Amino acid sequence: MQARADEFNEQSDEYNIILNASSADFEDMHDRLLVALQSGSGAPDIVDIEIQRFATFLRGDVPLHPLTDIIDNHRSELVEERTAPYRADGVEYGIDYHLGAWVMYYNSEILDAAGVDVDSIVTWDDYIAAGQQVVENTDAWMASIETTDRFSVLGPMLQNGGGTYDENNELILDSAENIEALQLISDMVHEHEIATASAGGQHHSEPYYQALNEGQYASVWMPLWYVTRFKDFMPETEGKILIRPMPEFSSDGFISTMGGGTGTAITTQIDEDKVDAAKAFLEFAKLTYDAQVALYTDLGFDPFRNDVYDDEALTAPDPWFGNEPVMTNVQAMFDRLAPEFTGPRYPEAVLQLRDVVAYQVVEEGADPAEALRRAADEIRSLD
């Protein structure tokens, strides 16, 4: 953001941005922001709000400035699904840093040893069959499932047309689509025995990084931003990882969705005479062609602007990931990309998936339908 501010100031004849950036612990930052906005003072002009907590700030009188007008300036080029998580009553209040397309990361070395052609995996049935070969012919598991985070369960739910909320702000946590997706995961663990709880309970722990480095898992499904974790924490995977779409539930169904995210917002505590400058800066820093290219070149994130995917910066092969053009592969999923909607109790729904449902189903063998029903009842009781 500082780099974008410097560029903005060089090009702008009207505004000069002075960016005093600070960071804080996840829970502490969001709690302090909520208190500041509720009390009427102490909030920053511009703030990053993680998707897990964003819906908290969309309840009642929204303390954020609408950003729909600047998004409209670029909407024809944007992946529309990525604006949905930061929208309330048709108005956008946040702009993300990435698309966060969900993909499957395959360890080609393990799959080759197991006699599996990665490109023969099209459906989840294919994935299970490949997993059985992996378990039979190697010392690895096909997949790891998080039991203390949401990604392993939420990704397939969204991909299957489920999730936490629908576009009408109705809670769908116990929907048939979610039950089917969670049953699939449960069967991988308890029936087919091709998957197991991830080392450390999640895909962001030192034990897990070590296990993936050592080749204990043949694949993992995570959003595209997880590419940075391989390069930062798992050096032994270099050149071995291939990125592919999620296996499909049906031939005309979704093969990806979006995971994680952070929406940059402008709070209503900003001085009114600075609002136009702040919006002009966010548009420049987040939505323009050059800004979206920089999301990839500077941060390693997948952009959510369609036209940048033909840029030479995004079409270059990546030696770490099979020397393939990763971003070109991601763009091919856009016409089968499931949206994510974040309703009023999205933070609490995510906590249910993260802290309760995943553990109960994977570690305790709970019935997926019953686990989701209890979670949905808990959320509904809050209102």
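Scroll up to find the structure this text is about.
This one's a predicted model, so the numbers in the text were calculated from it and none came from an experiment.

Student: Help me out: how do you make sense of the overall build of the protein in this one?
Tutor: Within the protein, the secondary structure is distributed over 16 helices and 9 strands. Compactness check: the protein gives a C-alpha radius of gyration of 21 Å against a globular reference of 21 Å for 383 residues, within 12% of the reference. The C-alpha extent of the protein, read off along each of the three principal axes, is 65 × 50 × 40 Å. By the burial criterion, 55% of the 383 residues in the protein qualify as buried. The contacts of the protein with a sequence gap of at least 6 include a subset with a gap of at least 24, amounting to 73%.

Student: Looking at this structure, I do not really get the packing of helix H7 (residues 151-159) against helix H15 (residues 346-363). What am I missing?
Tutor: In a packed pair of helices, the relevant descriptors are the angle between the two axes and the axis-to-axis distance. Where H7 meets H15, the axes come as close as 9 Å, and the angle between the chain directions of the two elements is 120°. In terms of orientation, H7 lies oblique with respect to H15. Note on element contacts: H15 touches H7 through Tyr-346, Leu-353 and Ala-358, opposite Val-153, Leu-154 and Met-157. A class-by-class count of the residues in the contact of H7 with H15 yields 6 nonpolar, no polar and no charged.

Student: Can you help me understand the sheet that holds strand S7 (residues 217-223) in this one?
Tutor: The strands making up a sheet are joined through hydrogen bonds of the backbone, oriented either antiparallel or parallel. Across the sheet, 5 strands lie side by side as S6-S5-S7-S4-S8; this open sheet has mixed pairing. Each of the sheet's edge strands pairs with one partner strand only, and the pair in question is strand S6 (195-197) and strand S8 (241-244). Averaged over all adjacent pairs, the angle separating strand axes in this sheet is 30°, with direction ignored. Relative to S7, strand S5 (residues 141-145) runs parallel, the two being bridged by 2 bridges. Looking at S7, one finds that Ala-143 is bridged to Ser-219. Sitting on the sheet, helix H6 (residues 124-137) touches strand S4 (102-107), S5 and S7, and the angle it makes with S5 is about 115°. Strands in contact with helix H9 (residues 206-213) are S5 and S7; relative to S7, the strand with the most contacts, it is inclined by about 130°.

Student: Even after reading the chapter, I still don't get the pairing of S8, so can you show me in this structure?
Tutor: The side chains of a regular strand alternate, first on one face of the sheet and then on the other. Alternating positions in S8 separate into two faces, Ile-241 and Ile-243 on one and Leu-242 and Arg-244 on the other, with burial throughout. Strand direction decides the pairing type here: S4 and S8, joined by 4 bridges, are antiparallel. Its bridge partner lying in S8, Asn-107 is registered against Ile-241.

Student: Is there a simple way to think about helix H2 (residues 26-39) in this case?
Tutor: Each α-helix winds once per 3.6 residues, and so residues spaced three or four apart point in a common direction. Spanning 14 residues, H2 covers 20 Å between terminal C-alpha atoms, matching the ideal 20 Å at 1.5 Å per step. Turning to H2, its buried residues number three or more, namely His-30, Leu-33, Ala-36 and Leu-37. Buried positions in H2, seen along its axis, are confined to an arc of 125° and lie on one side of it. For H2, the exposed residues lying more than 90 degrees away from the buried face are Arg-32, Val-35, Gln-38 and Ser-39. Residues of H2 that are buried make contact with strand S1 (46-50) and helix H3 (51-54).

Student: Looking at this structure, how should I read the packing of aromatic side chains?
Tutor: Given two aromatic rings, their pairing is described by the distance between the two centres and the angle made by the two planes. Throughout the structure, instances matching the rule amount to 18 aromatic pairs. Ring geometry for Trp-124 versus Trp-221: centroids 5.5 Å apart, planes at 80°, classification edge-to-face. Placement of Trp-124 in helix H6 and of Trp-221 in strand S7 is noted, with a sequence separation of 97 residues between them. In this structure, Trp-124 and Trp-221 share a single accessibility class: buried.

Student: I tried to follow the side chain of Gln-292 on my own but got confused; where do I start?
Tutor: Tracing the backbone shows Gln-292 in helix H12 (residues 289-297). The class for Gln-292 is buried, based on a relative accessible area of 0%. Setting aside chain neighbours within four positions, we find Gln-292 in contact with Lys-286, Leu-287, Pro-303, Phe-304, Arg-305 and Val-308.

Student: Which parts of the structure should I look at to understand the pattern of salt bridges?
Tutor: Opposite charge on two side chains allows them to pair when their charged atoms are near. In the structure shown here, the tally under the stated rule is 30 salt bridges. With a shortest N-O distance of 2.7 Å, Lys-279 and Asp-69 are connected by a salt bridge. One end of the pair, Lys-279, is in helix H11 (residues 275-287); the other, Asp-69, is in helix H4 (residues 68-72), and 210 residues separate them in sequence. Residue Asp-69 is classed as partly exposed on the basis of its relative accessible area of 40%.

Student: I would appreciate a short explanation of the environment of Tyr-97 in the present structure.
Tutor: Within the secondary structure layout, Tyr-97 lies in the loop between strand S3 (91-92) and S4. When the C-alpha atoms of Tyr-97 and Pro-207 are compared, they prove to be 28 Å apart, with 110 residues separating the residues in sequence. If we ignore the near neighbours within four places in the chain, the residues touching Tyr-97 are Met-1, Asp-48, Thr-262, Thr-264, Lys-286, Leu-295, Leu-299, Phe-301 and Phe-304. Here the side chain of Tyr-97 touches Asp-48 through a polar contact of 2.7 Å, side chain to side chain.

Criteria and cut-off values
- Residues numbered from 1 in each chain as written.
- Predicted model: local features only at pLDDT ≥ 70, side-chain atom pairs only at ≥ 80, totals over all residues.
- Heavy atoms only, no water.
- Helix = DSSP H or I, 4+ residues; strand = E, 2+ residues; numbered from the N terminus.
- Rg over C-alpha atoms; globule rule 2.2 N^0.38 Å.
- Buried < 20%, exposed > 50% of the residue type's maximum accessible area, 1.4 Å probe, protein only.
- Contact = heavy atoms within 4.5 Å.
- Axes fitted to C-alpha atoms, helices over the stretch in contact; angles between N-to-C directions.
- Parallel < 35°, antiparallel > 145°, perpendicular 65-115°, else oblique.
- Nonpolar A, V, L, I, M, F, W, Y, C, P; charged D, E, K, R; others polar.
- Pairing = 2+ DSSP bridges.
- Expected span 1.5 Å × (residues − 1).
- Arc of directions from axis to C-beta.
- Phe/Tyr/Trp six-rings, centres within 6.5 Å; stacked < 30°, edge-to-face > 60°.
- Salt bridge = Lys/Arg side-chain N within 4 Å of Asp/Glu carboxyl O.
- Polar contact = N/O pair within 3.5 Å; in protein donor to acceptor, adjacent residues only side chain to side chain.

By themselves, these figures tell us nothing about what the structure is for.
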